[in-house]
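Chain and residue survey
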Amino acid sequence: MSDTAAGLLQVGLLVALLAAVYRPLGGYMARVYTSDKDARIERGTYKLLGVDSKADQTWATYARSVLAFSAVSLIVLYLVQRLQSHLPLSLGLPNVEQGLAFNTAASFVSNTNWQSYSPEATMGHLVQFAGLAVQNFLSAAAGITVAIALIRGFARSKTDRLGNFWVDLTRTVFRVLLPIAVLGTLVLVAMGVVQNLSGGHEVTSLVGQTQHLPGGPVASQEVIKELGTNGGGFYNANSGHPFENPNPLSNLFEIFLLLLIPVSLTRTFGLMVKDKRQGYAILGVMGTLWAAFTFAATLFENQGAGTATQAAGAAMEGKETRFGEWASALFATSTTGTSTGAVNSAHDSFTPLGGGTALFHMMLGEVSPGGTGTGLYGMLVLAVLAVFVAGLMVGRTPEYLKKKITAREMKLVSLYILSTPSLVLAGSAIAMGLAGARASIFNADSPHGFSEVLYAFTSAGNNNGSAFGGLSANTPFFNTTLGLVMLLGRFVPIVIVLALAGSFARQQPVPVNEGTLPTHKALFVAMLVGVVLIVTGLTYFPVLTLGPLAEGL
Amino acid sequence: MTTLTKPPAPKAAVTPKKAASGLFDPKMLLTSLPDALRKLDPRVMVKNPVMFVVEVGAFATTILAFTDSSVFVWWIVVWLWLTVLFANLAEAVAEGRGKAQAATLRRAKTETSARKLSADRLSEQEVPAASLQLGDLVVVEAGQIIPGDGDVVEGVASVDESAITGESAPVIRESGGDRSAVTGGTKVLSDRIVVKITTKPGESFIDRMIALVEGASRQKTPNEIALNILLASLTIVFLMATVTLPPFAEYAGIDLSIVVLVALLVCLIPTTIGALLSAIGIAGMDRLVQRNVLAMSGRAVEAAGDVNTLLLDKTGTITLGNRQASEFIPLAGVTETELADAAQLSSLADETPEGRSIVVLAKTRYELRERHTGELPHATFVEFTAQTRMSGVDVDGRQIRKGAAGAITAWIHDQGGTVVAELGELVDGISASGGTPLVVAISKEGVARPLGVIHLKDVVKEGMRERFDQMRAMGIRTVMITGDNRLTAKAIAEEAGVDDFLAEATPEDKMALIKQEQEGGRLVAMTGDGTNDAPALAQADVGVAMNSGTSAAKEAGNMVDLDSNPTKLIEIVEIGKQLLITRGSLTTFSIANDVAKYFAILPALFATAYPGLDKLNIMRLDSAESAILSAVIFNALVIIALVPLALRGVQYKPSSASAMLRRNLLIYGVGGLVSPFIGIKLIDLLISLIPGIG
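Parameters at a glance
Residues numbered from 1 in each chain as written. Chains lettered and ligands numbered in written order. Predicted model: local features only at pLDDT ≥ 70, side-chain atom pairs only at ≥ 80, totals over all residues. Heavy atoms only, no water. Helix = DSSP H or I, 4+ residues; strand = E, 2+ residues; numbered from the N terminus. Rg over C-alpha atoms; globule rule 2.2 N^0.38 Å. Buried < 20%, exposed > 50% of the residue type's maximum accessible area, 1.4 Å probe, protein only. Contact = heavy atoms within 4.5 Å. Lys, Arg positive; Asp, Glu negative; His and termini not counted. Charge placed at Lys NZ, Arg CZ, Asp CG, Glu CD. 1 Å grid on protein atoms, 1.4 Å probe; cavity = no way out; pocket = protein on both sides within 12 Å on 5 of 7 lines; lining within 4 Å. Points joined across faces, edges and corners; volume = space filled by probe spheres on them. Nonpolar A, V, L, I, M, F, W, Y, C, P; charged D, E, K, R; others polar. Salt bridge = Lys/Arg side-chain N within 4 Å of Asp/Glu carboxyl O. Polar contact = N/O pair within 3.5 Å; in protein donor to acceptor, adjacent residues only side chain to side chain. Phe/Tyr/Trp six-rings, centres within 6.5 Å; stacked < 30°, edge-to-face > 60°. Lys NZ or Arg CZ within 6 Å of the ring centre and 35° of its normal. Core = buried A, V, L, I, M, F, W, Y, C linked by side-chain atoms within 4.5 Å. Domains from an automatic or database assignment. Axes fitted to C-alpha atoms, helices over the stretch in contact; angles between N-to-C directions. Parallel < 35°, antiparallel > 145°, perpendicular 65-115°, else oblique. Left-handed = near helix turned anticlockwise from the far one by under 90°. Buried area = accessible area lost by both parts, 1.4 Å probe. Pairing = 2+ DSSP bridges.

**A short note on the overall build of chain B**
- A tally of regular secondary structure across chain B gives 25 helices and 22 strands.
- At 33 Å, chain B has a C-alpha radius of gyration far larger than the 26 Å of a compact globule built from 694 residues.
- Each of the three principal axes of chain B carries a C-alpha extent, and together these read 115 × 60 × 50 Å.
- Out of the 694 residues belonging to chain B, those deemed buried represent 57%.
- Pairs at least 24 apart in sequence give 70% of the contacts found in chain B among residues at least 6 apart.
- Positive and negative side-chain charges in chain B, numbering 65 and 77 respectively, have mean positions lying 3 Å apart.

**Side note on empty space enclosed by the protein**
- Enumeration according to the criterion identifies five cavities of 30 Å³ or more in this entry.
- Estimates place the volume of the largest cavity at around 360 Å³.
- Lining the largest cavity are 28 residues, and of these A:Leu364, A:Gly365, A:Tyr416, A:Thr420 and A:Asn462 lie nearest its centre.
- Looking at the lining of the largest cavity, the elements that each hand over two or more residues are helix 14 (374-392), helix 15 (407-433), helix 18 (476-506) and helix 19 (522-552) of chain A together with helix 8 (222-243) of chain B.
- For the lining of the largest cavity, a count of residues per class yields 13 nonpolar, 13 polar and two charged.

**Some words on the pattern of salt bridges**
Residue and element names in this part refer to chain B.
- Counted under the stated rule, the structure contains 45 salt bridges over all chains.
- Asp 499 serves as the salt-bridge partner of Arg 472, at 2.6 Å between the closest nitrogen and oxygen. With Arg 472 in helix 18 (residues 464-473) and Asp 499 in the loop between helix 19 (486-496) and strand 19 (500-502), the pair connects residues that are 27 residues apart, well separated along the chain.
- For Arg 472, a relative accessible area of 32% translates into the label partly exposed.
- You can call Asp 499 partly exposed: its relative accessible area is 31%.
- Here the salt bridges do not stand alone but share partners, grouping Arg 115, Arg 121, Glu 124, Glu 141, Glu 154 and Arg 192 into one network.

**Quick look at the side chain of A:Thr351**
Residues and elements named next belong to chain A.
- With respect to the helices and strands, Thr 351 occurs in the loop between helix 12 (324-337) and helix 13 (352-363).
- By relative accessible area, which is 6% here, Thr 351 ends up buried.
- In terms of polar contacts, Thr 351 uses its side chain to reach the side chain of Glu 301, at 2.7 Å.

**Observations concerning the packing of aromatic side chains**
- Inspection of the entire model under this criterion finds 21 aromatic pairs over all chains.
- With a centroid separation of 5.3 Å and an interplanar angle of 85°, the aromatic rings of B:Phe66 and B:Trp74 are classed as edge-to-face.
- In this structure B:Phe66 comes out as exposed when scored by relative accessible area, which is 64%.
- Directly above the aromatic system of A:Phe350 lies the positively charged group of A:Lys319, at a separation of 4.4 Å from the ring centroid.

**Overview of the nonpolar core**
- Within the largest apolar cluster, 324 residues are counted, with the highest numbers of intra-cluster contacts made by A:Ile282, A:Tyr400, A:Leu528, B:Leu310, B:Met559 and B:Phe606.
- Broken down by element, the residue count for this core peaks at 19 residues, all from helix 23 (residues 568-606) of chain B.
- Structurally, this core is a two-domain feature, drawing no fewer than three residues from each of domain 1 (3-201 + 214-267) and domain 2 (372-552) of chain A.
- Leaving out residues up to four positions away in the same chain, A:Tyr400 has contacts with A:Phe154, A:Phe269, A:Gln278, A:Ile282, A:Leu380, A:Ala383, A:Val384, A:Val387, A:Ile405 and A:Thr519.

**What about the packing of helix 8 of chain B against helix 10 (residues 258-268) of chain B?**
All names here are of chain B.
- As a packed pair, helix 8 and helix 10 sit with axes 9 Å apart at the nearest point and diverge in direction by 155°. Taken together, helix 8 and helix 10 sit at an angle that is classed as roughly antiparallel. Crossing of helix 8 against helix 10: the hand is right-handed. Note on element contacts: helix 10 touches helix 8 through Leu 261, Leu 264, Leu 265 and Leu 268, opposite Phe 238, Leu 239 and Thr 242.
- Partitioning the contact of helix 8 with helix 10 into residue classes produces six nonpolar, one polar and no charged.

**Here's the deal with the interface of chain A and chain B**
- Every contact between the two is made by 59 residues of chain A and, on the other side, 63 residues of chain B.
- Here chain A packs against chain B, burying approximately 5,000 Å² in sum over the two surfaces, 76% of which is carbon and sulfur.
- Looking at the side of chain A facing chain B, the largest losses of area belong to A:Met393, A:Leu538 and A:Leu546, adding up to 15% of the total buried there.
- Taken together, chain A and chain B are joined by one salt bridge.
- One can count 15 residue pairs in polar contact (both at pLDDT 80 or more) joining chain A with chain B.
- Elements supplying a minimum of two residues to the side of chain A that touches chain B: helix 14, helix 15, helix 17 (447-461) and helix 19 of chain A.
- With 13 residues, helix 15 of chain A is the single largest residue contributor to the side of chain A that touches chain B.
- Partitioning the side of chain A that touches chain B into residue classes produces 36 nonpolar, 16 polar and seven charged.

**Remarks on the sheet that holds strand 22 (residues 559-561) of chain B**
Residues and elements named next belong to chain B.
- The strand order 10-22-21-20-11-18-19 describes an open sheet built from seven strands, whose pairing is mixed. Pairing within the sheet leaves two strands with one partner each, and these edge strands are strand 10 (293-295) and strand 19. Within this sheet the neighbouring strands show an average axis-to-axis angle of 20°, counted without direction.
- With three bridges joining them, strand 18 (residues 477-481) and strand 19 adopt parallel strand pairing. Pairing of Val 479 across the sheet is with Asp 500, part of strand 19.
- Strand contacts of helix 11 (residues 271-290): strand 10 and strand 22, with the helix running at about 145° to strand 10, the strand carrying the most contacts.
- Against the sheet, helix 20 (residues 507-519) makes contact with strand 11 (309-313), strand 18, strand 19 and strand 20 (524-528), and its axis sits at roughly 160° relative to strand 20, the strand it touches most.

**What about the pairing of strand 16 (residues 436-444) of chain B?**
Residue and element names in this part refer to chain B.
- Counted residue by residue, strand 16 has eight buried out of nine residues, so it is predominantly covered.
- Across seven bridges, the pairing between strand 15 (residues 398-404) and strand 16 is antiparallel. Each residue of the ladder has a partner; that of Ile 400, found in strand 16, is Ile 442.
- Taken together, the nine bridges between strand 16 and strand 17 (residues 447-457) define a ladder with antiparallel strand orientation. Directly across from Val 439, in strand 17, lies its bridge partner Val 453.
- Where strand 16 hands over to strand 17, the hairpin turn is made up of two residues, of which Glu 445 adopts a positive phi near 50°.

**Looking at the sheet that holds strand 9 (residues 192-197) of chain B**
All names here are of chain B.
- One open sheet accounts for six strands, arranged 2-1-3-9-4-7; its pairing is antiparallel. What marks the edges here is a single partner per strand, and that holds for strand 2 (124-128) and strand 7 (181-182).
- Relative to strand 9, strand 4 (residues 150-154) runs antiparallel, the two sharing four bridges. Bridging from a neighbouring strand, Glu 154 pairs with Val 194 of strand 9.

**Digging into the domain arrangement of chain A**
Residue and element names in this part refer to chain A.
- Taken domain by domain, chain A consists of domain 1 (3-201 + 214-267) and domain 2 (372-552).
- Of note, the centres of domain 1 and domain 2, computed from C-alpha atoms alone, are 22 Å apart.
- Counting from both sides, the interface comprises 46 residues of domain 1 and, opposite them, 44 residues of domain 2.
- Summed over both sides, the interface of domain 1 with domain 2 buries roughly 3,600 Å², with 73% coming from carbon and sulfur.
- Linking domain 1 with domain 2 are zero salt bridges, by the criterion used here.
- The tally of links between domain 1 and domain 2 comes to 14 residue pairs in polar contact (both at pLDDT 80 or more).
- Contributions of two or more residues to the side of domain 1 that touches domain 2 are made by helix 3 (59-82), helix 4 (98-109), helix 6 (125-155) and helix 9 (248-272).

Put into structure tokens, the structure is as follows:
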């Protein structure tokens, strides 16, 4: 089979798998968030937390709950790392240094999973599964709750209540993430992913040297890493490591897992706002963007660039031979489009334009299809923006999903579209302006070196977590600034989105008729794709010019 | 009710005065220049964040131009200032059009004195009009100017309101009822009235009109505020993108000058829409003024675009103001032609619209040539009066009469004739169907007998069905309001093609209907003129009061139609929509423009360090300087080029939202993407000839 045929087959299989679960999972999640029954284990959790599961929260209370919960998570995760050597299952590893511990805590609580460290050499088993893996579940769940609250903002009217964060969070963990994770773990183990609690094996290699092969609960962590669009690998090589991702089939399954929830949530959205076509339209926009970026990345990687790759016949630097160009490009697009940040190849080693595609894909704001929950709410905010401009063009003050977009909503939308680019650009500018920070650049004095820094802040600001490996980011400066950018890039938009949800929920619905802008048709899908590309494209075009374009053209 | 009373003659619908004001006259740019220069004051500019940023940039580059002087820098400086100036010009031109109108109104407001009555109405005192207070009583006689807004409390007079409406035909104003309101500055032509002043000095209708057309009291509308927020945030995004560039460029070994950065920033921020936004708003209000509608707030104009339900009064809006003859129904033993002939003869002296319609019907349907009163020299005509309620003719020994059933029956009895039962049935039948029956009778040789009945009925105005179909396509529901019974209302509603009707409507019913619609989230527009319409006018999202109406109605509504033409509601909705479409289209255009500007400027900035980036120079612009300058010049010129569009509003054809979006997205989205590539290239070809640039 040729590379192209194999590549197309993978893409086709992936789309078919997603199509198969789209309706059942989307529908199931809609029921999860609209049901008023609590499972026994959930009731136990509520009792433990002291939560009244029937209490409905205002947007402000909901937001405070998200923030309080995340703050506690941040502190716990920080402390677990700082006290590692005193805790069991540390594998003899020392306490984590404070800058790195902050960066890692911020990274996992913000669902970014940026890793400034080599996991197998830094984190023991306890930190890995009681700290990091737990956050992989909780931060993913928190993202979904915010999306659900925004959906309720559209679906409800004349109320200031958006649901209960604690209930949404608990249900997401117990009814959505855990069951899929268990199933997924079994599948991955069957495919050959490692799952044990051993400290590793000493083996003698063919040339006679001894080598340490660290083991651990890899498969269980691998599943939630993808499913929760987290991306923090058990090993430094992430999904490029054969213990995490042994073969093309497991590779495809991992890509499937990371797209699973963000894609299916559009169905949940359509069902909850009682207009399935709206969900299809949002999925259409996400799918179009994902397909376009996959196409571009695959094209650039296959074309290769430079004499070395042409001599080698393929741009295989930094890629696993068991995956090749197609599966690497597919993984790269899917991981940068979902805010996952897991990698099965080194993005740093991609062709300039291929790497630039991954970079630009993150810059879209993680909406194609985005992280768990974050992708949906990010796209809905952009939809509101698109409707605002397009709505005027049909001669009505704009409305989306029967809700008016007034000055108040636009203020929030404006803040939202401002927040992440400001963090990314300001962070990059500070780093590039400081000689000390510039010293971390591996490919100094080349546009690629600039791309490394830009990639780091883009990844952090958009909560992706993948990296251009050339940058030595485990320095006090980068640990601190990237940590702050991750936290702000996560929680500022969350508060804005919840405020927006509250604002929409209060409104009375406007009846839909012939004069209403149709937001479920192909024309609107095309327009929203254009808005996403132009709004983010215009913001980042200058920096992309100085980075990947300067290198690749 | 089958009486025929002469209805008050409705004012003829005035064709909107389009004059020259609807068109954009390039000369206005010149005359508005002083105003535009005055607006450069930073304290004024700061209200428009986008253009304020441009002004600050222009100021900064001017200072830099003195220290680091070059042809290129000075060209940039000049064009940055022109960008700001063009924006101010757009606004000044829009405002200027209102100023002429305001001047006319001011003339009407010239200092008049008032004859103030004492409280006991016995003595009278000459006071300046400006000193009149609420509740003061003033006497106005023929030839005098009414000193202030108020209600007639005594007497009846004909008033020339042309100062406000531009309509020269005088109108009747009388105490009591729905025609009691008078406006200060208008002139009493006949008789004497006593007016009770209802507004405080300086807040009169004319004062408000002046403020309105001058744009002095213009406040930003909700949607405009929302759009301004978006534009401000886009400005900040591009400011971020620009101010963070120097460290990145420095790393690449490129030294970016502040002048170049300012040029980039100005090209990226949405200056086109930022410059034209307020002109669009002013022009929207102005388009209403041109149609003789005064919107008391811009908010109402915007709401008009959003209206979901139109409440339209039947009479005057959907049907012609008067009923018209639709058929002749003869009694047994009389032929139709015979009846038609008698009806026509008896109506020759009836100058009411109903009377005319009988003559016309006889002519068109029975080919009875219209005879003139002069053609029958020996005939004696009996003219229609409201007292006799009949008209007729005495000719060749015959007496023919036509009129209300009661009046004619009485006449027959007087003439010693009898009335057959069949006539009563016919009359009742027509009444029940909502029509008005007129009886025709003849008296020959002392014997009077009825000939038959003329059926007068409501005639739906031409083109209404198409109008309502358009409304439906736009998602607007039309509801006909009428005092008629259900049956009549239903027949007319079906004929006119409205979506719904409210029969036997009382003001309370109207109010309830509005509330019910609003409950469902719908916006309601209505017209009204009576005092009992006032609560409903206030409740409606768009309440258009007729200028002929009471001051209570005018106070309650948020628009006043000076022509008192209820059909105009439909035009108002269209103007509201056009305003929003213009705003959205130019925003889209403005943002889409940026793509080309990047392709002009970025290669110019960076290709020296990274020669590969010259591939982005897809327009093949001459030099770095000419590329940057071309983008800046294009950015400025496009403002001026779009001023006429902003003032006129984009073309608007009622159609579904999908069709409108497709059309406008194609023109202003795709057009906005493509046109600057062409424009910048052309400018580059020109300016590359300038020494020091090319």
